[in-house]
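Topology and contacts: notes
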Amino acid sequence: ILQCRAEESHVARTINSLIRQSWPSWELIVMDNGACGPSVRKLAIDPNQVPQMHAFLTIHKQKRRGLPADRNVGIRRARGMWILPLDSGVEIDPEFLSRAEQLLTEDPRLRMITSNSNRSGTNVQDQLITLYTRSIWEEIGGYNSLLQGPDQDAEFLTRLTDFAHPRKSMPP
């Protein structure tokens, strides 16, 4: 789930890091509240831009309602049982999804996997990225759509880590 709320180049970098994934089966839902640029919208039209056989890219247009509401809508639309919300500009390692799948094969009871990633165009080198099950998102009631400001992710992650057992952390 990716919300378009930054410069188009940051959004494109995040999408490109997904396109480079060695794991061939993933879905990206881009929440567009009017901030997505033409090159991002073109990806949804041109399937040749996403070469993986089982990759899906959907752009969902809606009015600006804030990060928590956008993520909740995106998760409801997602087809998979694992959710990876990403911020614009975050680039994940090309092996991230393959390594996560290996951890899940080793321990199918896992409900959450965390790792660090780079954020393009900033001095923040280690941003926490969190992959979690759809079922844990449902159990804790999703993102709190009433929150605004910088605590939106932190509040959700606090509730998530309280309930997501077992969980693992992967090196970047």
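To start, this report covers the structure provided alongside it. (Residues numbered from 1 in each chain as written. Predicted model: local features only at pLDDT ≥ 70, side-chain atom pairs only at ≥ 80, totals over all residues. Heavy atoms only, no water.)

1. Considering the nonpolar core
Note the following rule: Each nonpolar core is a collection of buried residues, namely Ala, Val, Leu, Ile, Met, Phe, Trp, Tyr and Cys, held together in the definition by side-chain atoms within 4.5 Å. Accessible area is worked out with a 1.4 Å probe on protein chains only. A residue is then buried under 20% of its type maximum, exposed over 50%, and partly exposed in between. A contact between two residues is defined here by any heavy atoms of the two lying within 4.5 Å.
Of all hydrophobic cores here, the largest spans 24 residues; its most connected members are Leu84, Leu86, Ile92, Phe96 and Ile113. When sequence neighbours within four positions are dropped, the list of residues in contact with Leu86 reads Ile1, Leu2, Gln3, Thr14, Leu18, Arg71, Ile92 and Ile129. Ala78, Tyr143, Leu160 and Ala164 belong to the second largest nonpolar core, which has 16 residues in total.

2. Thoughts on the side chain of Ser98
Heads up, the rule is: Only DSSP runs of H or I covering at least 4 residues are called helices, and only runs of E covering at least 2 are called strands; the numbering of each starts at the N terminus. For this analysis, a polar contact is any N or O atom pair within 3.5 Å, provided that within protein one partner can donate a hydrogen and the other can accept it, and provided that sequence-adjacent residues contribute only side-chain to side-chain pairs.
Along the chain, the position of Ser98 falls in helix 4 (residues 96–106). Here Ser22 takes part through its side chain, which lies 2.7 Å from a polar atom of the side chain of Ser98. When residues no more than four places from it in sequence are discounted, the contact partners of Ser98 are Ser22 and Trp23.

3. Structural notes on the layout of surface pockets
Stated precisely, the cut-off is as follows: A 1.4 Å probe that fits but cannot get out identifies a cavity on a 1 Å grid over protein atoms alone, an open set with protein on both sides within 12 Å along at least five of seven lines counts as a pocket, and a residue lines either if it has an atom within 4 Å of a point. Grid points are joined across faces, edges and corners, and a volume is the space filled by probe spheres set on the points. Residue polarity is assigned by list, with Asp, Glu, Lys and Arg as charged and Ala, Val, Leu, Ile, Met, Phe, Trp, Tyr, Cys and Pro as nonpolar; anything else, Gly included, falls into the polar class.
Quantified by volume, the largest pocket comes out at close to 560 Å³. Ser25, Trp26, Glu27, Trp82 and Leu97 are, among the 22 residues lining the largest pocket, the residues nearest its centre. Breaking the lining of the largest pocket down by element, the ones donating at least two residues are strand 2 (27–32), strand 4 (82–83) and helix 4. In this model, the second largest pocket occupies a volume close to 170 Å³. In terms of lining residues, the second largest pocket is bounded by 13 residues, among which Arg71, Pro85, Leu128, Asp153 and Leu157 are the most central. Listed by contribution, the elements that provide at least two residues to the lining of the second largest pocket are strand 7 (127–133) and helix 6 (151–163). Split into classes, the residues belonging to the lining of the second largest pocket amount to 8 nonpolar, 2 polar and 3 charged.

4. Notes on the environment of Ile113
Tracing the backbone through its elements, the reader meets Ile113 in strand 6 (residues 112–119). Given the relative accessible area of 0%, Ile113 is considered buried. For the pair formed by Ile113 and Leu131, sequence separation is 18 residues and the distance between their alpha carbons is 5.1 Å. With sequence-adjacent residues up to four places away left out, Ile113 is seen in contact with Ala100, Leu103, Leu104, Ile129, Thr130, Leu131, Lys168 and Met170.

5. Considerations on the packing of aromatic side chains
Going by this rule: Within 6.5 Å between ring centres, the rings of Phe, Tyr and Trp (the latter by its six-membered ring) count as paired, and their orientation is classed by plane angle as stacked under 30 degrees, edge-to-face over 60, tilted in between.
Enumeration over the complete set of coordinates arrives at 2 aromatic pairs. Ring centres of Tyr132 and Phe156 lie 5.4 Å apart, and the angle between their planes is 55°; this geometry places the pair in the tilted category. On the criterion of sequence distance, the pair formed by Tyr132 in strand 7 and Phe156 in helix 6 is long-range, its members being 24 residues apart. What links up through ring pairs into an aromatic cluster is the set Tyr132, Tyr143 and Phe156.

6. Thoughts on the environment of Met112
Topologically, Met112 is positioned in strand 6. A C-alpha to C-alpha distance of 7.0 Å links Met112 and Thr130, two positions 18 residues apart in sequence. Those residues in contact with Met112 that sit more than four places away from it in its chain are Trp82, Thr130, Leu131, Tyr132, Leu160, Thr161, Ala164, Pro166, Arg167 and Lys168.

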